[in-house]
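Listed here are the chains, written in short residue letters.
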Amino acid sequence: MWKIRRGQAAPLSLTLYSRPGCHLCDLMRETIRQVSTRIPLTLEDVDISTDHELVDLYGVDIPVLMAGEREIARHGVTAAALEAKLRRMA
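We now turn to the structure provided with this report. (Residues numbered from 1 in each chain as written. Predicted model: local features only at pLDDT ≥ 70, side-chain atom pairs only at ≥ 80, totals over all residues. Heavy atoms only, no water.)

**Points about the pairing of strand β2 (residues 12–18)**
(1) Moving on: In terms of residue burial, β2 counts as a mostly covered element, since six of its seven residues are buried.
(2) Moving on: Pairing between β2 and strand β3 (residues 41–47): seven bridges, direction parallel. Opposite tyrosine 17, over in β3, you have valine 46 as the bridge partner.
(3) Moving on: With helix α1 (residues 23–36) bridging β2 and its parallel neighbour β3, the resulting β-α-β unit is right-handed.
(4) Moving on: Of the strand pairs in this sheet, β2 and strand β4 (residues 64–67) are connected by three bridges, and their pairing is antiparallel. Bridging across to β4, leucine 16 finds its partner in leucine 65. (Buried < 20%, exposed > 50% of the residue type's maximum accessible area, 1.4 Å probe, protein only. Helix = DSSP H or I, 4+ residues; strand = E, 2+ residues; numbered from the N terminus. Pairing = 2+ DSSP bridges. Right-handed = clockwise from strand over helix to strand, strands pointing away.)

Following this line, the structure appears as C-alpha cells:
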C-alpha cells in the first residue's frame, strides 16, 4: 500500500485489483500516480493471483479500481477522467 497526502483534505481510499505482468495494470498505476499529485489518496494494490476467489471474480478482466464497494474504472482510464470522478466523490 502507498499513501500520498497533499494539503489538509482526508485522502480517498482506493483499491486496485491487478496481477503481475499485466500491462494495463501498469498503465492504471501510472495514471493513479499522476492523479495522486493533485488529489490526496491511499492505494491498496491487490494481486488477484494470490487469491482463488479474486481470480474467479476478475479473471483477466483487470485492472479494476474501486473506492470502497464502488467501481471507479475497469481496464483503463485517462488521468483527466479519473481525476473528475474522484473530485465528484470527495
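**As for unusual backbone geometry**
(1) Moving on: Between isoleucine 62 and proline 63 the backbone carries a cis peptide bond, its omega angle lying at 0°.
(2) Moving on: Of note, the phi angle at histidine 75 is positive, near 75°, even though the residue is not glycine.
(3) Moving on: On the basis of relative accessible area, histidine 75 is assigned to the partly exposed category, the value being 36%.

**A look at the state of the cysteines**
(1) Moving on: Tallied over the full model, the rule gives one disulfide.
(2) Moving on: Each sulfur of the disulfide joining cysteine 22 and cysteine 25 lies 2.4 Å from the other. Between cysteine 22 and cysteine 25 the sulfur-sulfur dihedral comes to about 75°; the bridge is accordingly right-handed.
(3) Moving on: Given a relative accessible area of 12%, cysteine 22 falls into the buried group. (Disulfide = S-S within 2.5 Å.)

**Looking at the packing of aromatic side chains**
(1) Moving on: Summed over all chains, the structure comprises one aromatic pair.
(2) Moving on: Ring geometry for tyrosine 17 versus tyrosine 58: centroids 4.9 Å apart, planes at 25°, classification stacked. Taken together, the residues tyrosine 17 in strand β2 and tyrosine 58 in helix α2 (residues 52–58) connect sequence positions 41 residues apart. Of the two residues, tyrosine 17 and tyrosine 58, both sit in the buried class. (Phe/Tyr/Trp six-rings, centres within 6.5 Å; stacked < 30°, edge-to-face > 60°.)

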